[in-house]
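# Notes for the structure review
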Amino acid sequence: MKPAYSIGRAGVCRSYPEPMHTVTRHSPICRWFLAWALVLPAVADDWDIQTGALRSAIRDLTTSFADGYPGGAGFSTRLDGLPRGDFAALDALRREALLANPHLTAHPLVFVVRPQFARDHHNTETFFQVGEINTGSYRSGGPLKLLDVKSGCARILLDPGPDGMIRDPEVSYDGARVVFAWRKGRAESAHIFEIRTDGSGLRQLTTCRDANDIDPVYLPDGGIAFTSTRDPKYCMCNRHIMGNLFRMDADGSNIHQIGKSTLHEGHATVLPDGRLLYDRWEYIDRNFGDAQALWTVNPDGTNHAIHWGSNLSSPGGVIDARAVPGTGDCLAVFAACHDRPWGALALIDRSLGVDSPAAVKMTWPSGARGLIGKGGWDSTVGMPVKYEDPYPLSASYYLAVRQMPGKGEETGIVLLDRFGNEVVVHHESPGCFDPMPLGPRAVPPLIPTRRDFRSATGRFYVMNMGLGTHLRGVEPGGVKYLRVIESPEKRGFTGPAWGGQGQHAPAMNWHSFENKRILGTVPVEADGSVYVEVPANRYVYFQALDADKRMVQSMRSGTIVQPGEMQGCVGCHESRDAGAPALRDSLALRRGPSKLEGWFGPPREFAFLSEVQPVFDRHCVSCHDFGKDGGRKLLLARDREMVFNVAYTELWSKGYLHCVGAGPAEIQEAKSWGSHASKLPAYLRPAHHKVSLTAEEIERVETWIDLNAPYYPKYESGQPDGVGGRSPLTLPETRRLKELSGVDLQSTANFQQHRVWVSFDRPDLSPLLEKTAPGAARDEALAIIRAGSKRLKDAPRGDTLDFRVSPADAARQERAARLEQRDSQFQRALRDGRKTRDADIP
């Protein structure tokens, strides 16, 4: 019996036999499968299932390789001769037969030895970047290794040192080089390196000290794509740094960004047609936990497009996917939002539905199929054994790593097949990751570049805004305008948080996480077509508007256009499964693209206090104020309270707004939320109590609602240490107010419980005082609120654009400015046709 795992060093092999972990009634992995995944039907006989699976694999390998599969016919004969019920003999034969697979033995396997990443908050948080919130969770790893499957011997290709960690190796198309990320210690950043497969030619390709570079992949043109924090941004539902896709030439020169989403882009691989397949975490007006899906993009950064899984509520993440050779399928990890980047494995055929569970042809374990669209975004957390790092060897055989039963988080390399077999290839402590054959493979075709570095804009084209799957109730020709909105990055964070539909640090809006910047609104032609010029490298989304410029449908996802790129859609939420109709001559294309000209002024971050509150100040607050009859029903005063302002909190908490918030994964129907579905616009049209608003004032209020009713214009804060990361009161002062009044301003900092208790603009009118006993207690409470009022005057918290950010956020802005300056030098070199490397930039 060959060893189930081996530990080798410098070509010396020490082998240790281990029982085979296959799905039999006697093995630990089987007991887990039976208990959790119900892999084996109760009516079937285990022996027949197991022997049938092995017989199918032996037959397939014998047919595919003939004499190239040694022992093929003999394996079948031996299988037929096994005593029924002798699972130990079946395990031994399975191991011998499957590890003789020529897909597995033709070349050594490259892999890394390291511990599993420390658990943090989300599956994207594996950077542990220097100076960030989870730097202390960095775990040093082990070497980059090569495994000879025939002998079971593993040898070291590169040792990262006692404090270093190697991760994410990828083999070149000629099989001669390996590119990987190497972090030499906790105080260092991760950089991209390359080494020849004989151990020579080690060279460092990136050197930026302010960013981590991980997940490299070779491109068909010889370049390298990777994920980097060079465009620093933070998770909008927490405080962790995220990454985007970048690319560089083979020698490390001319680094530039090819992805611009506001959260994370990772695990890029190359499809057989030359495009990149990657996983993107994004949320615009939707919840964070179910917003990780598979996307594609050309190597030059053009044509970002959904691949699969964007509108499913479970699993939380569809990540780390690779194409299956000879098919249109991919093999991906179904991960939880709040876990490491592991979970179930899934074989996906997107031709069966871009968001359909029917596209999932097979899962490991098989019970994971039942989690698709069910169980929530953390549905795979409870799996006792998890998989990651899939690598399809062929249409039928797949490498991956899997937790070893009984060994905690330790992982080993496994071979899976479509017949139901699973065998451990190699295991050593503290874990094995990223297995890939060290051999040549076909180079995908080159996709011509469409990016023009001399341009600052791109163009979007929509054939017919009236075409779509979610436009019920919208008459033909009912879409008259297209609004283009930017979702800016989060560049800072606070310790205290606001409980929206997820954690905001600091508070941004009642429910959703994002701030918004309206770039402009353009007309839709009579035939439904739109053609618009948009700033390049901005993360934007679109809203379809009616004749009154009210939103009838919103995108709730984002896109990017590269300089000089023209990107097109058939319609508004058109079917992703249907073929595109022929591009027809349209009215919009007969002219030049429409220009974006902002919204009542130049593009800017949307601030409720500046854009909407003045309407209430002019027309409403004379009745809807503290102590007035209208105010007893609804307060519309400007006063700033603990987290937001009075009018904003009242409108949300009393149900005058019906917005999607951080909404569900599924595409929503037209007019199901926003100004058409909210109560407030009914008081604007017609005049309420003889108060008549101008067309601009009505548009301001309705546009705000259609933007999902945001409040803060920026993620940075001027008062980062108070409740919600926004209050000018210290936490001891907040606790003291609870003692004096019984009102808990800290634990109610969430959308379910938050109400107006404090006015920092008119402290004497604070409703909290009515809950405080007259005399010394009320005087003390009022003094605390007045102290907060003074602080807010001295250091505005960020309700409007004119405020001073906290020192911590200022330091983050300085780093972002350094990285932006670095990027501008790369961009200049690309425009001039020069080569520039990290090392050339101070």
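Residues numbered from 1 in each chain as written. Predicted model: local features only at pLDDT ≥ 70, side-chain atom pairs only at ≥ 80, totals over all residues. Heavy atoms only, no water.

## Considering the overall build of the protein chain
- Looking only at helices and strands, the protein chain features 13 helices and 35 strands.
- Relative to its length of 842 residues, the protein chain is compact, with a C-alpha radius of gyration of 29 Å against a globular reference of 28 Å.
- Taking the principal axes of the C-alpha coordinates as reference, the protein chain spans close to 95 × 70 × 65 Å.
- When the 842 residues of the protein chain are sorted by exposure, 61% land in the buried category.
- Contacts in the protein chain between residues far apart in sequence, at least 24 positions, make up 65% of those at least 6 positions apart.
- Counting only carbon and sulfur atoms, one obtains 52% of the accessible surface of the protein chain, whose full area is about 30000 Å².
- Within the protein chain, the 100 negative side-chain charges are centred at a point lying 1 Å from the centre of the 101 positive side-chain charges. (Helix = DSSP H or I, 4+ residues; strand = E, 2+ residues; numbered from the N terminus. Rg over C-alpha atoms; globule rule 2.2 N^0.38 Å. Buried < 20%, exposed > 50% of the residue type's maximum accessible area, 1.4 Å probe, protein only. Contact = heavy atoms within 4.5 Å. Areas by Shrake-Rupley, 256 points an atom, 1.4 Å probe, with all protein chains shown as cover. Lys, Arg positive; Asp, Glu negative; His and termini not counted. Charge placed at Lys NZ, Arg CZ, Asp CG, Glu CD.)

## Some details on the nonpolar core
- Grouped together as the largest cluster of nonpolar side chains are 74 residues, with contacts concentrated most on Trp281, Tyr283, Phe616 and Trp704.
- By residue number, the principal contributor to this core is helix α12 (residues 776-794), which donates five residues.
- Excluding residues that lie within four positions of it along the chain, Phe616 makes contacts with Phe608, Val621, Leu636, Ala647, Leu651, Leu680 and Val701. (Core = buried A, V, L, I, M, F, W, Y, C linked by side-chain atoms within 4.5 Å.)

## A word on the environment of Leu740
- By the secondary structure assignment, Leu740 is in helix α11 (residues 731-741).
- Here Leu740 falls in the buried class, since its relative accessible area comes to 13%.
- On a C-alpha basis, the gap between Leu740 and Arg247 in space is 58 Å, while along the polypeptide they are 493 residues apart.
- Contacts of Leu740, omitting those with residues within four sequence positions, involve Lys771, Thr772, Ala777, Glu780, Ala781 and Ile784.

## Some points on helix α3 (residues 72-80)
- For α3, the set of buried residues is Gly72, Phe75 and Leu79. Viewed along the axis of α3, the buried residues span an arc of 55 degrees, placing them on a single side of the element. Exposed positions of α3 whose direction lies more than 90 degrees from the buried face are Ala73, Thr77 and Asp80. (Arc of directions from axis to C-beta.)

## Remarks on the packing of aromatic side chains
- By the definition in use, this model includes 32 aromatic pairs.
- Over the ring of Phe433 we find Arg114; its NZ or CZ atom is 3.8 Å from the centre of that ring.
- Over the face of the ring belonging to Trp295 we find Arg280, whose NZ or CZ atom lies 3.6 Å from the ring centre. (Phe/Tyr/Trp six-rings, centres within 6.5 Å; stacked < 30°, edge-to-face > 60°. Lys NZ or Arg CZ within 6 Å of the ring centre and 35° of its normal.)

## Overview of α12
- A rise of 1.5 Å per residue sets the reference length of α12, with its 19 residues, at 27 Å; its end C-alpha atoms lie 27 Å apart and thus fit the reference within 8%.
- The set of residues buried in α12 consists of Ala781, Leu782, Ile784, Ile785, Gly788, Ser789 and Leu792. Projected down its long axis, α12 shows its buried positions confined to an angular sector of 155 degrees, all on one face. In α12, the exposed positions angled more than 90 degrees off the buried face are occupied by Ala776, Asp779, Lys790 and Lys793.
- Residues of α12 that are buried sit in contact with α11. (Expected span 1.5 Å × (residues − 1).)

## Some details on the sheet that holds strand β27 (residues 457-462)
- What the three strands build is an open sheet, ordered β32-β27-β35; its pairing is mixed. If you trace the sheet from one side to the other, it starts and ends with β32 (530-535) and β35 (566-569), each paired once. On average, each strand axis in the sheet is inclined to that of its neighbour by 20 degrees, with strand direction left out of account.
- As judged from the six bridges shared by β27 and β32, these two strands associate in the antiparallel manner. Pairing of Arg459 across the sheet is with Glu533, part of β32. (Pairing = 2+ DSSP bridges. Axes fitted to C-alpha atoms, helices over the stretch in contact; angles between N-to-C directions.)

## Observations regarding the packing of helix α2 (residues 46-65) against α3
- Running from amino to carboxyl end, α2 crosses α3 at an angle of 160 degrees, the nearest separation of the two axes being 9 Å. Classified by the angle their axes make, α2 and α3 are roughly antiparallel. Helix-helix and strand crossings are classified by hand; for α2 and α3 the assignment is left-handed. Counted together, Thr51, Leu54, Arg55, Ile58 and Thr62 of α2 and Gly72, Ala73, Phe75, Ser76, Leu79 and Asp80 of α3 form the full contact between these two elements.
- Grouping the constituent residues of the contact of α2 with α3 by class yields five nonpolar, four polar and two charged. (Parallel < 35°, antiparallel > 145°, perpendicular 65-115°, else oblique. Left-handed = near helix turned anticlockwise from the far one by under 90°. Nonpolar A, V, L, I, M, F, W, Y, C, P; charged D, E, K, R; others polar.)

## A short note on the environment of Met551
- Its place among the elements puts Met551 in strand β34 (residues 551-554).
- Exposure remark for Met551: the relative accessible area of 1% places this residue in the buried category.
- Spatially, the C-alpha atom of Met551 lies 8.9 Å from that of Trp673, the residues being 122 residues apart in sequence.
- Among residues more than four places away in sequence, those in contact with Met551 are Gln543, Ala544, Leu545, Trp673, Gly674, Ser675, His676 and Asp706.

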